[in-house]
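Examining the three-dimensional arrangement
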Amino acid sequence: MLVTVEGIDGSGKSTLVKGLAGALADLDPVITREPGATWVGEAVRRAIAENRDPITECLLFVADHAAHLTHVVRPALEEGKIVISDRYSDSRYAYQAVTLQGTMPDPEGWLRAVHVPFTVVPDLTFLCVLPVEAAVTRLKEHKEHFEEAAVLDAVQTNYLRFAEAEPDRFVLVDAMLEKEAVLDFVATEIRRQAGSGR
Ligand SMILES: Nc1ncnc2c1ncn2[C@@H]1O[C@H](COP(=O)(O)OP(=O)(O)O)[C@@H](O)[C@H]1O
Ligand SMILES: Cc1cn([C@H]2C[C@H](O)[C@@H](COP(=O)(O)OP(=O)(O)O)O2)c(=O)[nH]c1=O
């Protein structure tokens, strides 16, 4: 079963995924992430730091996804493992649809067409949702971050649109709850879905 965790920067994804490793230890999940599950992530970090060309950056994110699938996701799924990924293809559809605006007519359509022939669609996607101002406050307090509030707002609007279009795959998570409550909600839902044989 492939589970992904999505949401804007500062929505609590990394905290949640770390918590899931402990809370679901008996299910022996493979915990992974995009970008950075393979060496390609280093090229992505460099592209983000240099902040030059959005198409180059986007294609590096896609390359990171391809390597992630080949070296981590597919092998683990073939072994029957539960795979939990902190970000996955919906991050591209949500973020690059914004960063590629003005470079081509229909960035989201292009991104989806690039992924479809080789990606593995998640069984379950948790979308961590919170007011953009709350995410920005958390980020300012605790870590470096890359995106402006206006970008994060557009990204979150995209994510919510995806969730509405695929209600069977997406589960909305109230990211304003206490960390423990978020973890408990998501861990319970993963156990329920794993038990139903997804
Ligand atoms: N539910 C929560 N309530 C309050 N603060 C949180 C919560 N979850 C995470 N945080 C804090 O917010 C910051 C960003 O969280 P993080 O997990 O790194 O987000 P992301 O991976 O989505 O960017 C961290 O300092 C983290 O401790
Ligand atoms: C995976 C992915 C990430 N990103 C962005 C989101 C983040 O701003 C940045 C780094 O991702 P990440 O390290 O997950 O940041 P955070 O933990 O703060 O959410 O890259 C994309 O723009 N497209 C993608 O496909």
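Bear in mind the structure is a predicted one, so any value in this text is a computation, not a measurement.

**Re the site of ligand 2**
Ligand 2 sits among 17 residues. The nearest are Asp-9, Arg-33, Arg-87, Arg-92 and Gln-96. Between Arg-92 and ligand 2, the recorded distance is 2.8 Å, taken from a side-chain N or O atom to an oxygen atom. One of the side-chain nitrogen or oxygen atoms of Gln-96 is found 2.7 Å away from a nitrogen atom of ligand 2. Bound to the protein, ligand 2 loses 96% of the 550 Å² it would expose on its own. Where the shell around ligand 2 is concerned, the elements lending two or more residues are α1 (13-23), α2 (40-50) and α4 (89-99). Here the shell around ligand 2 takes 4 residues from α4, the largest share from any one element. Here the shell around ligand 2 is composed, by residue class, of 5 nonpolar, 3 polar and 9 charged.

**Describing the UniProt feature "binding site: ATP" (unreviewed entry) in the protein chain**
Here, the residues flagged by UniProt with the feature "binding site: ATP" (unreviewed entry) are Gly-7, Ile-8, Asp-9, Gly-10, Ser-11, Gly-12, Lys-13 and Ser-14. Tracing the backbone shows Asp-9 in the loop between β1 (2-7) and α1. Polar side-chain contacts of Asp-9 include one of 2.4 Å to the side chain of Tyr-95. On the accessibility criterion, Lys-13 (6% relative accessible area) is buried. Every residue in contact with Lys-13, bar those within four places of it in the chain, is listed here: Val-5, Glu-6, Gly-7, Ile-8, Asp-86, Arg-87 and Cys-128. One polar contact links the side chain of Lys-13 to the main-chain carbonyl oxygen of Gly-7, over a distance of 3.3 Å.

**Focus on the confidence of the model for the protein chain**
Per-chain confidence: the protein chain averages 95 in pLDDT, with 97% of residues scoring 70 or above. We note a pTM of 0.97 for the whole complex and an ipTM of 0.97 for its interfaces.

**Side note on the site of ligand 1**
In the vicinity of ligand 1 lie 15 residues, with Gly-10, Lys-13, Ser-14, Thr-15 and Leu-177 positioned nearest. Gly-12 is positioned such that a nitrogen or oxygen atom in its backbone is 3.0 Å from an oxygen atom of ligand 1. Within the side chain of Lys-179, a nitrogen or oxygen atom sits 3.0 Å from an oxygen atom of ligand 1. Coverage of ligand 1 by the protein amounts to 81% of the 560 Å² it exposes when considered alone. Sorting the residues of the shell around ligand 1 by element identifies α1 and α6 (132-142) as the ones contributing at least two each. Take the shell around ligand 1: its biggest share by element is 3 residues, from α1. Looking at the shell around ligand 1, its residues break down into 3 nonpolar, 6 polar and 6 charged.

**Structural notes on the packing of aromatic side chains**
Aromatic ring pairs are described here by two measures, namely the spacing of the ring centres and the angle between the planes. Taken as a whole, this structure holds 3 aromatic pairs when the rule is applied. Between Tyr-93 and Phe-162, the aromatic rings sit 6.5 Å apart at their centres with planes inclined by 80°, giving edge-to-face as the arrangement. Of the two residues, Tyr-93 is situated in helix α4 and Phe-162 in helix α7 (residues 149-165); the sequence distance between them amounts to 69 residues. Of the residues examined, Tyr-93 reaches a relative accessible area of 6% and is grouped as buried. Since its relative accessible area comes to 3%, Phe-162 is described here as buried. Here the aromatic rings of Tyr-159 and Phe-162 are separated by 6.5 Å at their centres, their planes lie at 75°, and the arrangement is edge-to-face. Linking Tyr-159 with Phe-162, this pair stays in helix α7, spanning 3 residues, or about one helical turn. Each member of the pair Tyr-159 and Phe-162 is classed as buried. Pairwise contacts between aromatic rings join Tyr-93, Tyr-95, Tyr-159 and Phe-162 into one cluster. If you follow Arg-112 out to its NZ or CZ, it ends over the ring of Tyr-93, 4.2 Å from the centre. Arg-112 extends its terminal NZ or CZ atom over the ring of Phe-162, reaching a point 4.8 Å from the ring centre.

Conventions we followed
- Residues numbered from 1 in each chain as written.
- Chains lettered and ligands numbered in written order.
- Predicted model: local features only at pLDDT ≥ 70, side-chain atom pairs only at ≥ 80, totals over all residues.
- Heavy atoms only, no water.
- Near = heavy atom within 4 Å.
- Polar contact = N/O pair within 3.5 Å; in protein donor to acceptor, adjacent residues only side chain to side chain.
- Areas by Shrake-Rupley, 256 points an atom, 1.4 Å probe, with all protein chains shown as cover.
- Helix = DSSP H or I, 4+ residues; strand = E, 2+ residues; numbered from the N terminus.
- Nonpolar A, V, L, I, M, F, W, Y, C, P; charged D, E, K, R; others polar.
- UniProt positions renumbered as here; feature names shortened; annotations may be inferred.
- Buried < 20%, exposed > 50% of the residue type's maximum accessible area, 1.4 Å probe, protein only.
- Contact = heavy atoms within 4.5 Å.
- pLDDT = per-residue confidence, 0-100.
- Phe/Tyr/Trp six-rings, centres within 6.5 Å; stacked < 30°, edge-to-face > 60°.
- Lys NZ or Arg CZ within 6 Å of the ring centre and 35° of its normal.

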